[in-house]
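Next come the chains, spelled out residue by residue.
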Amino acid sequence: MNAPGRISWADLASDESESGGSALNSPEQDRRRASKQEENAGKNEEIANKENVNTLLSDTLDKLQALYRKRDKLFNVEPEERMKQLLPQQTELIAALEQIGEGSTPHERAQLHYIRGKTLDIDDEHVPKAEEALSKAVKLDSSLGDAWNQLGLSFWKKGDVSTAHDCWQSTLVHSSSLEDVKNAMRELSMVYRVKGGDPTESLRIAKDLIARDMGDEKSWSNLGNAYMSFFFASSLDRDDLLRALKAYTRSQACGESSDPDLHYNKATVFRYLEDYQNAIGELQRAAALDPHLQAADSVRQIEELVGEMEGMMRRRCNLQAHRLDNMLLALPPVSDPLVVGNAEYKLTSAAELKEGSNEGKGVRGLLLATPNTDGPIRQLVVAERGGSICAVSVYNMRHAKLKPGDVVTTLAPFLRVCSLPNAPDVSYRCLQVSPSSLLHNGRSCDTSYYLRPTAIFTANPATAPLPPSPKQPSAAM
């Protein structure tokens with residue numbers, strides 16, 4: 001046993017083993033321990049800073065979304081006044097970005113450039129600094145779908161449609177966010193029908209978009225726009241107007257009923273379906289939501305159109321009774337049934353038809369007048385045997401093919417009772433057909449009668465039925 005206060009080599013070896021080093025080198029151990037503590041403190045500070053940056057980024061993203069929500073609610077405010085109201089939030093957001101700094105990683109820097117760019121791009125006009133910031137964002141992180149989308153909008157405002165198109169395509173390539181992809185597809189569908197002159201591609205994208213999310217109200221509205229564009233630019237097929245109407249109605253059911261543009265576009269569809277009651281109703285809803293749409297002018301145009309047509313029919317095109325009777329002698333005798341190809345039709349009067357489709361029925365009359373109407377519908381004033389007057393609307397019909405005195409026979413017409421709200425005395429019956437359902441002086445109409453003959457033979461993507469109704473529509477974003 002060692003004397004008190006004496007350290008043996010065994011004791012020294014034991015101390016060294018337990019301490020992991022020499023007991024004679026305790027100052028070095030203290031320095032190492034202090035260095036380790038400083039290193040751990042640095043790491044903890046770095047983690048805290050990173051968490052703080054992430055929190056600040058999240059807060060600024062929330063503020064950015066709030067800024068755009070406010071902007072969207074000010075759609076009926078003049079641009080200068082709207083920017084005046086948005087300026088305080090925009091300034092606050094830019095100041096918050098300055099406090100965060102530049103970011104320590106490429107992703108953080110990309111996020112900061114994206115937030116800055118979208119904040120600056122809140123105006124309707126092109127903002128060069130917004131374009132610059134958004135360009136930096138997608139270079140640092142190409143997966144930022146909304147940065148690509150906003151950059152596309154920036155180029156669109158600049159008038160650079162081609163580059164805008166490429167930006168939205170980049171979202172489809174790089175982004176994994178469904179919302180960002182849907183927004184990009186809506187923009188691409190719009191570009192093809194507005195600037196690209198390709199309503200078929202616009203419609204294809206719109207239908208693909210619905211397949212991705214059956215409950216998105218904006219996508220249904222976009223599909224309605226695509227069908228309506230396809231009607232005017234390509235098909236002139238009444239069924240495409242009906243498809244557009246179904247899409248707009250589905251959009252309303254999913255939560256888009258507060259969008260004035262939806263009601264205005266829906267009114268346009270009703271107008272060319274000659275459902276003037278509903279057309280005026282939708283225009284009034286649009287005007288209530290956004291007075292700047294000048295829907296009152298469209299209402300006045302409809303009222304004048306219906307009033308003039310009803311007056312012309314009521315006055316029998318200013319023909320004396322005996323002259324009209326003599327003209328009606330030109331009508332051939334009724335053959336029952338009327339055989340056209342492999343189909344048979346029972347000739348009747350417009351007054352005996354039911355509203356809607358009238359399969360197997362036909363109405364024959366003498367063409368009295370062809371009012372000067374623009375657009376895709378050729379309107380006719382026709383007198384039947386016995387002197388009753390009705391209107392005939394032919395979709396996709398060349399204007400120069402028919403003239404007063406011709407005999408026209410409508411086959412399986414769709415009967416529309418045209419009227420105005422708050423004007424019960426203004427009403428008339430209208431038979432809607434296409435050239436394929438019309439006989440001109442007893443003969444079928446060939447392709448020369450069609451305003452758009454290619455629409456008959458080319459594959460029409462709009463003929464596919466609409467997807468079934470979503471069971472649980474998603475809430476508006």
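A quick note: this is a predicted structure, and the numbers were derived from the prediction, not measured.

Undergrad: Before we move on, can you summarise the overall build of the protein chain with the specific residues and values?
TA: When you go through the protein chain residue by residue, the secondary structure sums to 16 helices and 11 strands. Burial analysis of the protein chain (477 residues in total) assigns 44% to the buried set. Sequence-distant contacts in the protein chain: of pairs separated by 6 or more residues, those separated by 24 or more amount to 61%. Carbon together with sulfur atoms contributes 50% to the accessible area of the protein chain, which is approximately 25000 Å² in total.

Undergrad: Tell me about the packing of aromatic side chains, residues and numbers included.
TA: Counted according to the given criterion, the structure contains 4 aromatic pairs. An angle of 45° between the planes, with centres 6.3 Å apart, marks the rings of Trp 156 and Trp 168 as tilted. Remark: Trp 168 occurs in helix H7 (residues 161-174) and Trp 156 occurs in helix H6 (residues 145-158); sequence separation between them is 12 residues. On the accessibility criterion, Trp 156 (24% relative accessible area) is partly exposed.

Undergrad: Residue-level account of the environment of Glu 78, with values.
TA: Of note, Glu 78 is situated in the loop between helix H2 (26-73) and helix H3 (79-100). With a relative accessible area of 46%, Glu 78 lands in the partly exposed category.

Undergrad: Let's hear about the pattern of salt bridges: which residues, and what values?
TA: What the rule picks out here adds up to 22 salt bridges. With a shortest N-O distance of 3.2 Å, Glu 310 and Arg 314 are connected by a salt bridge. Taken together, the residues span about one helical turn, with Glu 310 and Arg 314 both in helix H14 (residues 295-314) at a distance of 4 residues. Residue Glu 310 is classed as buried on the basis of its relative accessible area of 10%.

Undergrad: Let's hear about the confidence of the model for the protein chain: which residues, and what values?
TA: With 84% of its residues at a pLDDT of 70 or more, the protein chain has an overall mean of 87. Segment residues 1-24: pLDDT under 50, and 12 contacts once partners within four positions in sequence are set aside and those in other chains are kept. Note on residues 457-477: pLDDT is under 50 here. Beyond four places in sequence and across chains, it has 46 contacts.

Undergrad: So what about the pairing of strand E9 (residues 423-433)? Which residues, and what values?
TA: In this structure, strand E6 (residues 389-395) lies alongside E9, joined through 4 bridges in parallel fashion. If you follow Ser 393 over to E9, its bridge partner there is Gln 432. Pairing between strand E8 (residues 414-420) and E9: 7 bridges, direction antiparallel. Within E9, the position partnered with Ser 419 by the bridge is Ser 427.

Undergrad: Mind laying out helix H10 (residues 217-235), listing which residues take part and the relevant values?
TA: With 19 residues, H10 should reach 27 Å at 1.5 Å per residue; the first-to-last C-alpha distance of 25 Å fits that figure. Counting buried positions over the 19 residues of H10 gives 15, a clear majority of the element. Here H10 starts with a cap whose side-chain oxygen sits 2.9 Å from the backbone nitrogen of Lys 218, and that cap is Asp 216. Of the residues trailing H10, Leu 236 is marked for its positive phi of about 55°.

Undergrad: Could you give an account of unusual backbone geometry, naming the residues involved and the relevant values?
TA: Both trends apply: most residues other than glycine have a negative phi, and most peptide bonds are in trans. One non-glycine residue with positive phi stands out, namely Gln 294, at about 55°. In this structure, Gln 294 sits in the loop between helix H13 (276-289) and H14. Even without glycine at this site, Asn 396 takes up a positive phi of about 60°. Along the polypeptide, Asn 396 turns up in the loop between E6 and strand E7 (407-411). Look at Asn 396 and you get buried, because its relative accessible area is 5%.

The rules behind each value
Residues numbered from 1 in each chain as written. Predicted model: local features only at pLDDT ≥ 70, side-chain atom pairs only at ≥ 80, totals over all residues. Heavy atoms only, no water. Helix = DSSP H or I, 4+ residues; strand = E, 2+ residues; numbered from the N terminus. Buried < 20%, exposed > 50% of the residue type's maximum accessible area, 1.4 Å probe, protein only. Contact = heavy atoms within 4.5 Å. Areas by Shrake-Rupley, 256 points an atom, 1.4 Å probe, with all protein chains shown as cover. Phe/Tyr/Trp six-rings, centres within 6.5 Å; stacked < 30°, edge-to-face > 60°. Salt bridge = Lys/Arg side-chain N within 4 Å of Asp/Glu carboxyl O. pLDDT = per-residue confidence, 0-100. Pairing = 2+ DSSP bridges. Expected span 1.5 Å × (residues − 1). Polar contact = N/O pair within 3.5 Å; in protein donor to acceptor, adjacent residues only side chain to side chain.

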